[in-house]
Amino acid sequence: MVKLVAKTPCEGLLPFSYGTVSLSEVTYDSLTSVAPFVGKNKAVADVFKAAGTPMPAVGRATGKDGQRAIWFGRGQILLAGLTEEGLEGLAAVTDQSDAWAVVRLEGENADAILARLVPLDLDKGVFKRGHTARTQVQHMMASITRTGVQTFEIIIMQSMARTLVHEFEIAMKAVAARR
Amino acid sequence: MRITCPICGERDRREFYYQGAAVALDRPAPDAGPQAWDDYVHLRDNPAGRTRDLWFHEMGCGAWIVVERDTVIHEVYSTELAEKAAR
């Protein structure tokens, strides 16, 4: 019988670092999208609250390392490493664990690297810890969350993981070379 | 060109996909007759000036947006969620 080996999206590609910044893969136990049905926002928020992680507002993420609730677009929240009990009849819940790759960009000047790839102001004055945005990294649609002063988590479609790593490598080398 | 998404705020034009005139929000009644349906499906104005378009925030939050803008001077006057404009 064929024995299948589980591989993460960025296996063999990460981690690496250039200058002050490192890029590494983040593996969550599960990724689940939650899209509240019309009129059920409040009920879903109550479920989130009872579970201990508040439902994130537009452009915000809640939770902590390994367990996050991330605003993921219009009427949609991504649960990363969190389970989704009690949402039956309140929201469309979809397992997305194999659909996305998650990487962490960390270190002094991390925002200088993103400035080369993302058409959005991610300066710490306007894009603070706990802020999140759906935007693009080069031509790829992405979710970007600032999880710390110099730390970002970037979520990208799994099929584009290799391209994402490649784009980051170019930008990280270029920023490191200019310092 | 910058477009203000009612959900995400002001964003680069790259994040948006252009669909066309916002006529899709003014669907005729099923019994409106062939002329009304022909206009709805096929006929579009090509204004030099103010126009209402549908844009899709494809790379962002996924919202459909009605954008009122000027085709001559490229100014964007207003944006609104299509789900609200349709009501």
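Cut-offs applied
- Residues numbered from 1 in each chain as written.
- Chains lettered and ligands numbered in written order.
- Predicted model: local features only at pLDDT ≥ 70, side-chain atom pairs only at ≥ 80, totals over all residues.
- Heavy atoms only, no water.
- Helix = DSSP H or I, 4+ residues; strand = E, 2+ residues; numbered from the N terminus.
- Buried < 20%, exposed > 50% of the residue type's maximum accessible area, 1.4 Å probe, protein only.
- Contact = heavy atoms within 4.5 Å.
- Buried area = accessible area lost by both parts, 1.4 Å probe.
- Salt bridge = Lys/Arg side-chain N within 4 Å of Asp/Glu carboxyl O.
- Domains from an automatic or database assignment.
- Nonpolar A, V, L, I, M, F, W, Y, C, P; charged D, E, K, R; others polar.
- Pairing = 2+ DSSP bridges.
- Axes fitted to C-alpha atoms, helices over the stretch in contact; angles between N-to-C directions.

As a further point, take the overall build of chain B. Of regular secondary structure, chain B possesses two helices and six strands. Helices and strands in chain B line up, N terminus first, as β-β-β-α-β-β-β-α. For chain B, the spread of C-alpha atoms along the three principal axes comes to 40 × 25 × 20 Å. Counting every position in chain B, which comprises 87 residues, the buried fraction comes to 32%. In chain B, of all internal contacts separated by at least 6 residues, the share reaching a separation of at least 24 is 45%.

Tallying the contact residues gives 13 residues for chain A and 12 residues for chain B. A combined buried area of about 1100 Å² lies between chain A and chain B, and 55% of that area is made up of carbon and sulfur atoms. Contact with chain B buries surface across chain A, with A:Arg74, A:Pro119 and A:Gln136 losing the most and accounting together for 50% of the total. On the surface where chain A and chain B come into contact, there are one salt bridge. Residue A:Arg74 pairs with B:Glu83 through a salt bridge whose shortest N-O separation is 3.3 Å.

Now for unusual backbone geometry. Residues and elements named next belong to chain A. Residue Pro15 is bonded to the preceding Leu14 through a cis peptide linkage, with omega at 5 degrees. Positive phi is not limited to glycine here, since Gln138 has a value of about 50 degrees. The topology assignment puts Gln138 in the loop between strand S9 (132–137) and strand S10 (140–148). Judged by relative accessible area, Gln138 falls into the partly exposed class, the value being 33%.

Moving on, we come to the pattern of salt bridges. Enumeration over the complete set of coordinates arrives at 12 salt bridges over all chains. Among the ionic pairs, A:Glu153 bridges to A:Arg68, the shortest N-O distance being 3.3 Å. Of this pair, A:Glu153 sits in strand S11 (residues 151–157) while A:Arg68 sits in strand S5 (residues 67–71); the two residues are 85 residues apart in sequence, bridging distant segments of the chain. Residues A:Glu153 and A:Arg68 agree in their burial class; the two are buried. Note that B:Arg2 is salt-bridged to B:Asp12, the shortest N-O span being 4.0 Å. One end of the pair, B:Arg2, is in strand S1 (residues 2–5); the other, B:Asp12, is in strand S2 (residues 9–12), with 10 residues separating them in the sequence.

A few words now on the domain arrangement of chain A. Residue and element names in this part refer to chain A. Considered domain by domain, chain A is made up of domain 1 (16–27 + 98–177) and domain 2 (31–95). For domain 1 and domain 2, the distance between their C-alpha centroids amounts to 23 Å. Listed per partner, the contact involves 12 residues of domain 1 and 11 residues of domain 2. Of the roughly 1000 Å² buried between domain 1 and domain 2 on both sides combined, carbon and sulfur atoms contribute 62%. Our count for the contact surface shared by domain 1 and domain 2 stands at one salt bridge. If you list the elements that add at least two residues to the side of domain 1 that touches domain 2, you get strand S8 (100–107), S9, S10 and S11. Residues that form the side of domain 1 that touches domain 2 fall into these classes: three nonpolar, six polar and three charged.

Residues and elements named next belong to chain B. Pairing between S1 and S2: four bridges, direction antiparallel. Residue Ile3 lies in a different strand from S2, and its bridge partner there is Arg11. Taking the residues between adjacent antiparallel strands as the criterion, S1 and S2 are bridged by three residues.

Residue and element names in this part refer to chain A. In this structure, Gly75 sits in the loop between S5 and strand S6 (77–80). Measuring from C-alpha to C-alpha, the distance between Gly75 and Phe37 comes to 8.6 Å, with 38 residues separating the pair along the chain. Discounting residues that sit within four places of it in the chain, Gly75 has contacts with Val34, Ala35 and Pro36.

Residues and elements named next belong to chain A. Strands sit in the order S1-S2-S8-S11-S10-S9 across an open sheet of six strands; the sheet is antiparallel. Each of the sheet's edge strands pairs with one partner strand only, and the pair in question is strand S1 (16–18) and S9. Recorded for the sheet is a direction-independent mean angle of 25 degrees between the axes of neighbouring strands. Two elements, S1 and strand S2 (residues 21–25), share three bridges in a ladder whose sense is antiparallel. Among the inter-strand pairings, Tyr18 is bridged to a residue of S2, identified as Val21.

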